[in-house]
Amino acid sequence: MRAMVLHAPGQPLQREERPVPRPGAQQLLIKVLACGVCRTDLHLVDGELPQAVLPRVPGHEIVGEVSAAGADVASDWVGKRVGVPWLGWTCGECTFCCSGRENLCDRAQFTGCHLDGGYADYTVADARFCFPLPDALSATEAAPLLCAGLIGFRALQMAKGARHLGLYGFGAAAHLAIQVARGRGQQVYAFTRLGDSEGQAYARTLGAVWAGPSDQPPPHPLDASLIFAPVGALVPLALEATVKGGCVICAGIHMSDIPGFPYRLLWGERSVRSVANLTREDGTAFFAELHHTPVHSDVTCFALDDANQALASLRAGQVKGAIVLVP
């Protein structure tokens, strides 16, 4: 099989021919149909995820068909279409795992970081961490839901009850989160990088009541803000736009340093918190919500061999919505 492999930070992915992997006792062998290209993959390539184990096949927004099942997995998995998310394994024994917070497990292993991911023709994944996918979604539409969609959903859950919601950074996650938020009746205000008039217009087509540059205050104070851009300087800006008692939620795995800011921005029982990974319960709840709040993934497809070009396009912000590799 083909695999695109990262050997060292800062280097391009290398195309390799590898044997098709054999599933372990609790694993599925999955023929990859589509794999989303996530900003976390850029952080991996740039060496900003010190926990990563290299060499590694990236990719954690995987949609595929089960080709074989391990000895401890029911045989009826074979032939089914599944999704493989970022969370690939947890210990199941620690305080976090036993209290419904498996996303914080200290021994957790993540797809495309500790475990080989979906930038390949085939991959293996623990069956217990795979999701059945709705038949109505194509493989390319479903792929971004496995991280961009799920992380956006977890962030939205933290902002439940926010009537006026800010989204900072309008990429793959935000273009899905806005659709869920609009389905919940929330008013969404989109913030983009300065001069990105196309991104602002795109946000308005998806239902944003206002869209503008991140250094400009919105026309209405925000009850909550979700920050998807990995830019720490956005935190004080979001706090300044947020009402007393509101929250600012940092929804990325990596962010540049947050600059100092006056206490008055935090005072008034405002809060700043982060989203860390996801749980399987998030996946179940997210796909259940999609039954009555459908979302549409805007995708640009690249061939597997063009993975480096896809990453470059993501870095340059040249694509609206999400990027998907198709083997």
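These remarks concern the structure in this document.

The rules behind these values
- Residues numbered from 1 in each chain as written.
- Predicted model: local features only at pLDDT ≥ 70, side-chain atom pairs only at ≥ 80, totals over all residues.
- Heavy atoms only, no water.
- Phe/Tyr/Trp six-rings, centres within 6.5 Å; stacked < 30°, edge-to-face > 60°.
- Helix = DSSP H or I, 4+ residues; strand = E, 2+ residues; numbered from the N terminus.
- Buried < 20%, exposed > 50% of the residue type's maximum accessible area, 1.4 Å probe, protein only.
- Lys NZ or Arg CZ within 6 Å of the ring centre and 35° of its normal.
- Axes fitted to C-alpha atoms, helices over the stretch in contact; angles between N-to-C directions.
- Parallel < 35°, antiparallel > 145°, perpendicular 65-115°, else oblique.
- Left-handed = near helix turned anticlockwise from the far one by under 90°.
- Contact = heavy atoms within 4.5 Å.
- Nonpolar A, V, L, I, M, F, W, Y, C, P; charged D, E, K, R; others polar.
- Pairing = 2+ DSSP bridges.
- 1 Å grid on protein atoms, 1.4 Å probe; cavity = no way out; pocket = protein on both sides within 12 Å on 5 of 7 lines; lining within 4 Å.
- Points joined across faces, edges and corners; volume = space filled by probe spheres on them.

1. A few points about the packing of aromatic side chains
Phase 1 of the analysis: One pass over the structure, following the stated rule, counts seven aromatic pairs.
Phase 2 of the analysis: Ring geometry for Phe170 against Tyr202: centres 5.9 Å apart, planes inclined by 85 degrees, an arrangement best described as edge-to-face. In this pair, Phe170 is assigned in the loop between strand E10 (164–168) and helix H4 (172–183) and Tyr202 in helix H5 (residues 197–205), connecting sequence segments 32 residues apart.
Phase 3 of the analysis: The class of Phe170 is buried, set by a relative accessible area of 14%.
Phase 4 of the analysis: The class of Tyr202 is buried, set by a relative accessible area of 12%.
Phase 5 of the analysis: Taken together, the aromatic side chains of Phe131, Phe153, Phe286 and Phe287 make up a single cluster linked through ring pairs.
Phase 6 of the analysis: Taking the ring centre of Phe129 as reference, the NZ or CZ of Arg280 above it sits at 3.9 Å.

2. A closer look at the packing of helix H3 (residues 148–158) against H4
Phase 1 of the analysis: Where H3 contacts H4, the axes come no closer than 8 Å and their chain directions differ by 50 degrees. One way to sum up the angle between H3 and H4 is to call them oblique. Judged by the sense of rotation from one axis to the other, the crossing of H3 with H4 is right-handed. Contacts from Ala148, Gly149, Gly152 and Leu156 in H3 reach Ala172, Ala173, Leu176, Ala177, Val180 and Ala181 in H4.
Phase 2 of the analysis: Split by residue class, the contact of H3 with H4 holds eight nonpolar, two polar and no charged.

3. Here's the deal with the sheet that holds strand E15 (residues 271–274)
Phase 1 of the analysis: Strand order in the open sheet formed by six strands is E12-E11-E10-E13-E14-E15, with parallel pairing between adjacent strands. Bordering the open sheet on either side are strand E12 (210–213) and E15, each of which pairs with just one other strand. Adjacent strand axes in the sheet meet at a mean angle of 20 degrees when their direction is disregarded.
Phase 2 of the analysis: One ladder, built from four bridges, connects E10 with strand E13 (residues 222–227); its direction is parallel. Bridged to Leu165 within E13 is Ala224.
Phase 3 of the analysis: Where H3 meets the sheet, it contacts E10, E13, strand E14 (242–250) and E15, and its direction lies at approximately 160 degrees from that of E14.
Phase 4 of the analysis: Running over the sheet, helix H6 (residues 234–241) touches E10, E13, E14 and E15 and is turned about 150 degrees from E14.

4. As for empty space enclosed by the protein
Phase 1 of the analysis: By the definition in use, this model includes two cavities of 30 Å³ or more.
Phase 2 of the analysis: Taken as a whole, the largest cavity encloses approximately 50 Å³ of empty space.
Phase 3 of the analysis: As for the largest cavity, its lining consists of Val84, Gly88, Thr111, Leu115, Asp116, Val124, Ala125, Asp126 and Phe129.
Phase 4 of the analysis: Ranked by the residues each element gives to the lining of the largest cavity, the list is headed by strand E8 (residues 122–126), at three residues.
Phase 5 of the analysis: Forming the boundary of the second largest cavity are Ala148, Gly149, Gly152, Phe153, Leu156, Ala173, Leu176, Ala177, Val180 and Phe286.
Phase 6 of the analysis: Of all the secondary-structure elements, those providing two or more residues to the lining of the second largest cavity are H3 and H4.
Phase 7 of the analysis: If one sorts the elements of the lining of the second largest cavity by residue count, H3 sits on top with five residues.

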